[in-house]
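Architecture at a glance
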Amino acid sequence: MTVNGSDSDDLVVALVPAAGRGVRLGGAAPKAFVAVGGTPMVRLAVDGLIASGAVDRIIVMVPPEFVSSAVALLPETNSVDVVVGGAERTDSVRAGIAAAPEAAYFLVHDAARALTPPDLIARVAAELRAGRPAVVPALPVVDTIKSVDEFGAVTGTPDRSGLRAIQTPQGFAAELLRSAYATDTNATDDAGLVERLGARVHTIPGDPMAFKITTPLDLRLAHALLDERTAGLA
Ligand code: CTP
Ligand code: MG
């Protein structure tokens, strides 16, 4: 693809975790293979990465029994590869990292953020190219957040102004992400592992359209938004 005209020492590789089971969505298929407006989420996410013009290669991590269906539904280009993911998201990302020894930068982007605007992807990549080692999209938190103990009693109310909800794609200098994943460790996001190394993670403004489709309500929202988009094009 080399859509951004990168030199070989400058390659941006997107890793797309798509190997989750989608338990909270409760669909018949693993979540990434559930369709939104007729197109499986994983295809929408990959199309968004390609449309960003900021990515040289895409590696999609899927459940072992979904490799052939993923190959069939993804764009036919030798810049998109499918590999087997793992039991935890961390295992899936680790499998993607291992498949791209040539990467200079990684963008880790959930298939479940199927409607992410290409512009957000390009902004994360641009920050990496400008020299930031770790970049994540962030939005202000709209709800008040409380910590609770095991009995449900409130133990604290952090100041909301200092909190952010974090999205993907999360961008990293490849060597930094490889180091973060070198240990046998687990986290819900990639930046969390990088933070444990003591590296500085920079936030940029996120986009509400990059929301993660997690529950049936999220899926209804995504359907409605895609319908609007299609109607707008008609
Ligand atoms: N993911 C993955 N490998 C796993 C678990 C998750 O590649 N072992 C991916 C999912 O496919 C998804 C992204 O990581 O694109 C974010 O995870 P999440 O929203 O939690 O998806 P699921 O794990 O599929 O959903 P659930 O937790 O409800 O089962
Ligand atoms: Mg999950």
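Residues numbered from 1 in each chain as written. Chains lettered and ligands numbered in written order. Predicted model: local features only at pLDDT ≥ 70, side-chain atom pairs only at ≥ 80, totals over all residues. Heavy atoms only, no water.

Under an unreviewed UniProt entry, the name given to the protein is 2-C-methyl-D-erythritol 4-phosphate cytidylyltransferase, and the source organism is Nocardia arthritidis. In its Pathway (unreviewed entry) section, the UniProt record describing the protein reads: "Isoprenoid biosynthesis; isopentenyl diphosphate biosynthesis via DXP pathway; isopentenyl diphosphate from 1-deoxy-D-xylulose 5-phosphate: step 2/6." The annotation that UniProt attaches to the protein under Catalytic activity (unreviewed entry) is "2-C-methyl-D-erythritol 4-phosphate + CTP + H(+) = 4-CDP-2-C-methyl-D-erythritol + diphosphate". (UniProt positions renumbered as here; feature names shortened; annotations may be inferred.)

Residue P169 is reached from T168 by a cis peptide bond, and omega for that bond is 10°. When you line up the elements, P169 lands in the loop between β10 (164-166) and β11 (170-173). (Helix = DSSP H or I, 4+ residues; strand = E, 2+ residues; numbered from the N terminus.)

Contacts to ligand 1 come from 18 residues, most closely from P17, V23, K31, S92 and K212. V23 places a main-chain nitrogen or oxygen 2.7 Å from an oxygen atom of ligand 1. E88 places a main-chain nitrogen or oxygen 3.3 Å from a nitrogen atom of ligand 1. Contact with the protein chains removes 87% of the 560 Å² of surface that ligand 1 exposes when unbound. (Near = heavy atom within 4 Å. Polar contact = N/O pair within 3.5 Å; in protein donor to acceptor, adjacent residues only side chain to side chain. Areas by Shrake-Rupley, 256 points an atom, 1.4 Å probe, with all protein chains shown as cover.)

Our focus in this paragraph is the pairing of strand β7 (residues 134-140). In terms of residue burial, β7 counts as a mostly covered element, since five of its seven residues are buried. Bridging between β7 and β11 involves two bridges; their strand directions are antiparallel. Pairing of A134 across the sheet is with F172, part of β11. Here four bridges tie β7 to strand β12 (residues 202-205), and the two strands are oriented parallel to one another. (Buried < 20%, exposed > 50% of the residue type's maximum accessible area, 1.4 Å probe, protein only. Pairing = 2+ DSSP bridges.)

This part is about the UniProt feature "site: Positions MEP for the nucleophilic attack" (unreviewed entry) in the protein. UniProt records the feature "site: Positions MEP for the nucleophilic attack" (unreviewed entry) at R160 and K212, using the numbering of this structure. Relative to the elements of secondary structure, R160 occurs in the loop between β9 (154-156) and β10. The residues touching R160, leaving out its near neighbours within four places in the chain, are V141, V142, D143 and T144. Here the side chain of R160 touches T144 through a polar contact of 3.5 Å, side chain to side chain. Residue K212 is classed as partly exposed on the basis of its relative accessible area of 25%. K212 has contacts with R24, K31, D110, A112, R113 and D218, leaving out every residue within four places of it along the chain. Here the side chain of K212 touches T214 through a polar contact of 3.1 Å, side chain to side chain. (Contact = heavy atoms within 4.5 Å.)

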